[in-house]
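# A structural walkthrough
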Amino acid sequence: MDAIQQQMYDTWRTARSGERPPPLPGAHDREVLRGLLRGYRARREAASRRRSEAWPRW
């Protein structure tokens, strides 16, 4: 089952049960990518901070 078929099935199932339909595929991609980038930058800054503390400049 591909993503489109899964989306159609989930929409049909929620319509029968009276629930809210699921979000469309790709609706939150930007938010996810921003979060990943934020985490990457935070880890990178922490690593550079650790390196600078471990090797003091002469």
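Before reading further, recall that the structure is shown in the block above.
This text gives an overview of the structure that appears in the document.

Definitions and limits used
Residues numbered from 1 in each chain as written. Predicted model: local features only at pLDDT ≥ 70, side-chain atom pairs only at ≥ 80, totals over all residues. Heavy atoms only, no water. Helix = DSSP H or I, 4+ residues; strand = E, 2+ residues; numbered from the N terminus. Rg over C-alpha atoms; globule rule 2.2 N^0.38 Å. Buried < 20%, exposed > 50% of the residue type's maximum accessible area, 1.4 Å probe, protein only. Areas by Shrake-Rupley, 256 points an atom, 1.4 Å probe, with all protein chains shown as cover. Lys, Arg positive; Asp, Glu negative; His and termini not counted. Charge placed at Lys NZ, Arg CZ, Asp CG, Glu CD. Patch = residues over 30% accessible without salt bridge, like charges linked within 9 Å, V, L, I, M, F, W, Y side chains within 5 Å. Salt bridge = Lys/Arg side-chain N within 4 Å of Asp/Glu carboxyl O. Phe/Tyr/Trp six-rings, centres within 6.5 Å; stacked < 30°, edge-to-face > 60°.

A tally of regular secondary structure across the chain gives two helices and zero strands. The C-alpha atoms of the chain give a radius of gyration of 22 Å, which is well past the 10 Å a tight globule of 58 residues would have. Taking the principal axes of its C-alpha atoms as reference, the chain extends roughly 70 × 20 × 15 Å. Looking at the chain as a whole, 7% of its 58 residues are labelled buried. Surface exposure of the chain reaches about 5,900 Å², of which carbon and sulfur atoms provide 56%. Taking the average location of the 13 positive side-chain charges in the chain and that of its 7 negative ones, the two points are 9 Å from each other.

So, on to a nonpolar patch on the surface. Together, M1, Y9 and W12 line one region of the surface with nonpolar side chains, adding up to about 400 Å² of accessible area. Note that Y9 resides in helix α1 (residues 3-17).

Counted according to the given criterion, the structure contains one salt bridge. A salt bridge links D10 to R13; the nearest nitrogen and oxygen atoms lie 3.3 Å apart. Separated by three residues within a single helix, D10 and R13 lie in helix α1, roughly one turn from each other. Residue class for D10 comes out buried when judged on its relative accessible area of 16%.

Next up on the list: a positive patch on the surface. On the surface, R44, R49, R50 and R51 cluster together into a patch of positive charge. With respect to the secondary-structure elements, R51 resides in helix α2 (residues 29-54).

The subject of this paragraph is the environment of Q6. Along the chain, Q6 falls in helix α1. Taking C-alpha positions, Q6 is 35 Å from R43, a pair spaced 37 residues apart along the chain.

If you walk through the whole model with that rule in mind, you get one aromatic pair. Seen from their ring centres, Y9 and W12 are 6.0 Å apart, and the 35° between their planes marks the pair as tilted. Residue Y9 and its partner W12 are located together in helix α1, separated by three residues, close to a single helical turn. According to the relative accessible area criterion, Y9 is partly exposed, its value standing at 41%.

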